[in-house]
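A closer look at the structure
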Amino acid sequence: MPSLRLPLSLSLIVFAVLACFANGVPYIKDAGELASSLHGSGVAHPTGFPAQHCLAPLLGLMPVGSASFRLSLLSALAGAGVFLLTVLAVAWLTGPGRGRAQSGLEDRAERLRTTILGSAAGIALLLCDTIWFHLLNVEVYIPSLALSGLLLLVGLMAQDDDDLGTAAPALVGLLGGMAVGMHVTCVMVFGLVTVAGLFSRYLGGRRRAASGRLLPAIGIGLLFFVLGSVVVLYLPIRAMQAPLRNWGDPSSAGALLGHLSGRSIRTSFSTQMMTAEPSHLLAHGSVYVKQMWVQAGSLAPLALAGLFVLVKRRPMAGITLASVLTADGLFSVLVNPMGQAEKQTSTVSLFVLALLAACGAVLLLAKLLEMPASGSGLSRRALTGLATLVALLMLVWSPVTSLSWPARLSRVSDLGYAAGRRAFATTGPQGLLVTNQDDLTASALFLGEVEKRRPDLLHLIKQMICDDWATAGPLARTGAVELARNVKEVRQETCRSGGRDDMVEAWSGLYKRLSVMGTSVAWELGNEAVDSLFQSELAPGYPCAEVVWGMEDAQANRRLARFFAGYRELLEQSGPGLQDDIGGNSVAEFQRLTAAFLLVRPSPPAAGDAQTQAACALLHSATVLAPGNCQAWNNLAVCQLRLGRLEEAISAAGTGAAACPLYATVRVNLVRLFYFGHRTAEARTALSELKQRFPAAEYETRLQGLREQLVTYGFGAEAEDLGRFLAR
């Protein structure tokens, strides 16, 4: 192992810089929910991440900063660890192999060059947007990447170093047990490292020297794996104590296994995970490749060279790295494609790519130095310096240029936190706050459970009203006693199986009671089956709709004007650089949901025209901020048609169909719009594409409804044409 003094010093500097950027409030997505769970020693969303929860109390002892800042420091510390592991792994992989004589890379200048290139790769890795996004906020991905990187480095060292003896299986087993308490990608890396280590040390070319040591090594590894996995016991132990945040209540063996295996995630996203549909696989794979190329495309040539040379110098190390890169790519495409848009995948892929790229740069420079000298020594030094500079530029170019600095700095904004605060302000005294999406739900959890704001209100998650573990904590802490009593009674009457029908029935029963009580309700839009129950009483408000019982339409329009002013204020505060960015996607989704609500809300004709125009303005903004938001394009097409702008509607639907090849709804609407415009030939082309891309079950019922609509509206010839298509 090379000297640690310089790499450690550099990693401390990296940590200090990252600590300066650590977010003092939750950003978006899961940050607020995970911060609430870590701060209160609760149980987080699957898979629970018990190892991270065991470390969180140490950060809570720090006397400086907010709770979010202190918890974000764990990501910053893990990021510095990832940087250090990158430098050390590059030095190990490019150093002299087993049984080789000392080479020119062992002198001081070569070690310094290796450290510089390894450090450049480490910095480039941290600047990749997927990594940078989680570095500054409370999340599980960077601590998990640090553990994966440590597992990979220990595994690579064990392949070559016989002096490690029984320490290798013990250390790998211990880290593997802890991996069960982190993100599932850690377990994936552990499995691949274990297989590669067993083959290299006991089953491969050195099997004779290791004869008789295989079973003891497996036994030692299993023993330490069990010791490491003790962290998992945190989940049932804390669940039995009924903490405020107790996701899934994993107090029983079955619930614990379901939590660790992500059963609820697999159920919710069953149509997207492990799909065998070729078009879906192609779309998910193209997203993965595009994200990798945008963030780290300039590293690819060096990474390919590094892999080629490593396979020749250290075959098992090269095979191990290639296997991890492939497995993480398959995980991103097959297991968690829904996480691609939220930058929850490819962290391990980026780490391996940075390692290979740095190794490629170091080993190619070594080959250059080994070439016979031609000309003066100055020319040789200049050539080596130029090659080093080119390698450094290739290592950092894509990571640095792939994300604008305003967007990069927005990662420490209060986007989600501000949304939560506005929702809290919208809710009246002794009122009910109902959230639906991750962004608002997570920030509301943080505000209520960590910062203890508004103890007088009751916060419920719309789709989880029938889940005991989701409602027990909020009902226990709220000061709205009468409201809590009514919620408990309604849940007892309606929540039987915990299915979707029970959820709708529960809200229907609560709606009747709230109407009598006159309770103020701040309601986040997004679940049509439940939103429709409250539709006549909802008035727009950011990012919720405020229920005001008996409110007149004129009052609703005045509130609507204040609402749009609030949106403009939010976008101005968010700053530039959010277009097609994860922060912009969150704002765009809020806009889309509110616009969709405005399109279906009944109102007088005069107010309806104003609401439709306002909805179209919101939807246009949503498509600018998030060009990949499929539903926004579809909603914009509907909105433009509502205003009589057929060509604009066709343009919006066509753009949505091109941007979202797996979204059948917008393609059906494109067919509808073509028929409305008497453009039968184009409608037939759209129908053929629909048939090629989707199974019949996804569009036949909708097309039958469209045919009936065409007949009703007097488009007889078009209805017959569609009928012939359906008959085939």
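You'll find the structure just up there.
Residues numbered from 1 in each chain as written. Predicted model: local features only at pLDDT ≥ 70, side-chain atom pairs only at ≥ 80, totals over all residues. Heavy atoms only, no water.

Some points on the overall build of the protein chain
The helix and strand inventory of the protein chain stands at 34 helices and five strands. By residue count, 55% of the 728 residues in the protein chain fall in the buried class. Taking all contacts inside the protein chain whose residues are at least 6 apart in sequence as the whole, residues at least 24 apart take part in 74%. Surface summary for the protein chain: the accessible area is close to 30,500 Å², and the carbon and sulfur share equals 62%. (Helix = DSSP H or I, 4+ residues; strand = E, 2+ residues; numbered from the N terminus. Buried < 20%, exposed > 50% of the residue type's maximum accessible area, 1.4 Å probe, protein only. Contact = heavy atoms within 4.5 Å. Areas by Shrake-Rupley, 256 points an atom, 1.4 Å probe, with all protein chains shown as cover.)

Structural notes on the state of the cysteines
Scanning all chains against the criterion turns up three disulfides. Bridging C630 to C660, the disulfide has an S-S length of 2.3 Å. Taking the sign of the torsion about the S-S bond as the criterion, the disulfide between C630 and C660, at about -100°, is left-handed. One end of the pair, C630, is in helix α29 (residues 630-642); the other, C660, is in the loop between α30 (646-659) and α31 (664-676), with 30 residues separating them in the sequence. For the protein chain, the bonded cysteines pair up as 1-2, 3-5, 4-6 when numbered in the order they occur along the sequence. (Disulfide = S-S within 2.5 Å.)

Re the nonpolar core
Counting 102 residues, the largest nonpolar core has L18, I131, L135, L152, L321, L395 and L433 as the members making the most contacts within it. Not counting residues within four places of it along the chain, the set of residues in contact with L135 comprises L18, S72, S75, A76, G79, L126 and I142. L458, F534, C660 and L710 belong to the second-largest nonpolar core, a separate cluster that totals 71 residues. (Core = buried A, V, L, I, M, F, W, Y, C linked by side-chain atoms within 4.5 Å.)

Looking at the pattern of salt bridges
All chains considered together, the criterion is met by 20 salt bridges. E482 serves as the salt-bridge partner of R485, at 2.3 Å between the closest nitrogen and oxygen. Pair noted here: R485 and E482 are both in helix α23 (residues 481-494), with a separation of three residues, about one helical turn. Among the residues examined, E482 registers a relative accessible area of 43% and is labelled partly exposed. Here R513 and E489 are joined by a salt bridge, their closest N and O atoms 2.5 Å apart. Here R513, found in helix α24 (residues 500-517), pairs with E489, found in helix α23; they are 24 residues apart in sequence, far enough to count as distant. E489 gets classed as partly exposed once you look at its relative accessible area, which sits at 27%. Connected through salt bridges with shared partners, the residues E482, R485, E489, E493 and R513 form a single ionic network. (Salt bridge = Lys/Arg side-chain N within 4 Å of Asp/Glu carboxyl O.)

Digging into the pairing of strand β3 (residues 521-524)
The two faces of a sheet get side chains in turn, since along a regular strand they alternate between them. Judged by which residues are buried, β3 turns out to be covered on both faces: V521 and W523 on one side and A522 and E524 on the other are all buried. Relative to β3, strand β1 (residues 432-435) is paired through three bridges, and the arrangement is parallel. By the bridge assignment for β3, L432 is matched with V521. Alignment of β3 against strand β5 (residues 544-547), held across four bridges, turns out to be antiparallel. Opposite W523, over in β5, you have A545 as the bridge partner. (Pairing = 2+ DSSP bridges.)

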